[in-house]
Amino acid sequence: MSDPFASRPAPPGPAPAGPALPCSCTHGAVGTAESAGSAPGRFGPTHALILLLCVLVLGSGLFLAGTPLDTVFTLLGGLGAIGAATLAAAGGGRRLVAVLAEAAVRGAGK
């Protein structure tokens, strides 16, 4: 098996005039965001699952430490409000308004 980090010999002949070509080891790299099919920096289902688990673990840990339930719920609600405000500011508010409108329509239909 060859070593992918081994130095390569210089190509024969004079160096080409102009900008240097990018390293060939970066083309077609496995595991990049482009090959995974998702754009970098987007909030996806994996991020939502991780945040949900973090909130559950944080709430459970606070409760087991003896924090009253109303305080735990207030803290987690405040964290959710901060997260919603951050998403609204970053996305121009369109996505948050769309989610709130969808929740209102679904809630009115029951």
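Here, every reference points to the structure presented above.
Conventions we followed
- Residue numbering note: each chain is counted from 1, following its sequence as written.
- Reporting in this predicted model follows two pLDDT cut-offs: at least 70 for local features of residues, and 80 or more for side-chain atom pairs to be given and counted; totals over whole chains, interfaces and linings ignore these cut-offs and use all residues.
- Side-chain metrics rest on all non-hydrogen atoms present in the structure, leaving aside hydrogens and water.
- The way it works is that DSSP assigns letters per residue, a run of H or I at least four long becomes a helix, a run of E at least two long becomes a strand, and they are numbered from the N terminus.
- Put simply, a salt bridge is a Lys or Arg side-chain nitrogen that is within 4 Å of an Asp or Glu carboxyl oxygen.
- Relative accessibility under 20% of the residue-type maximum defines a buried residue, over 50% an exposed one, and the middle range a partly exposed one, all with a 1.4 Å probe and only protein chains included.
- For this analysis, residues touch if any pair of their heavy atoms sits within 4.5 Å.
- Each axis is a line fitted through C-alpha atoms, taken for helices only over the stretch in contact, and angles between the N-to-C directions span 0 to 180 degrees.
- Each angle is binned into one of four classes, with values under 35 degrees roughly parallel, values over 145 roughly antiparallel, values of 65 to 115 roughly perpendicular, and all other values oblique.
- Two helices crossing with the near one rotated counterclockwise from the far one by less than a right angle form a left-handed crossing, whereas a clockwise rotation gives a right-handed crossing.
- Lys, Arg, Asp and Glu make up the charged group, whereas Ala, Val, Leu, Ile, Met, Phe, Trp, Tyr, Cys and Pro make up the nonpolar group; the residues left over, Gly among them, are polar.

Digging into the overall build of the protein chain
(1) Moving on: Scanning the protein chain from terminus to terminus reveals 4 helices and 0 strands.
(2) Moving on: When the helices and strands of the protein chain are read in sequence order from the N terminus, they spell out α-α-α-α.

Overview of the pattern of salt bridges
(1) Moving on: Under the criterion given, the structure shown has 1 salt bridge.
(2) Moving on: Between Glu102 and Arg106 there is a salt bridge, with its nearest N and O atoms 2.9 Å apart. With Glu102 and Arg106 both in helix α4 (residues 94-108) and 4 residues apart, the pair spans about one turn of that helix.
(3) Moving on: Given the relative accessible area of 42%, Glu102 is considered partly exposed.
(4) Moving on: A relative accessible area of 58% places Arg106 in the exposed class.

Some words on the environment of Val72
(1) Moving on: Examined against the element boundaries, Val72 turns out to sit in helix α3 (residues 69-91).
(2) Moving on: Put simply, Val72 and Gly61 are 11 residues apart on the chain and 9.7 Å apart in space, counted from C-alpha to C-alpha.
(3) Moving on: The residues contacting Val72, other than those within four sequence positions of it, are Gly59, Leu62, Phe63 and Thr67.

Describing the packing of helix α2 (residues 45-64) against α3
(1) Moving on: One can describe the packing of α2 onto α3 by two numbers: an axis separation of 10 Å at closest approach and a directional angle of 155 degrees. In terms of axis orientation, α2 runs roughly antiparallel to α3. Here α2 runs over α3; the crossing is right-handed. Along its contact with α2, which presents Val55, Leu58, Gly59, Leu62 and Phe63, the element α3 presents Leu69, Val72, Leu75, Leu76 and Leu79.
(2) Moving on: Here the residues of the contact of α2 with α3 sort into 9 nonpolar, 1 polar and no charged.

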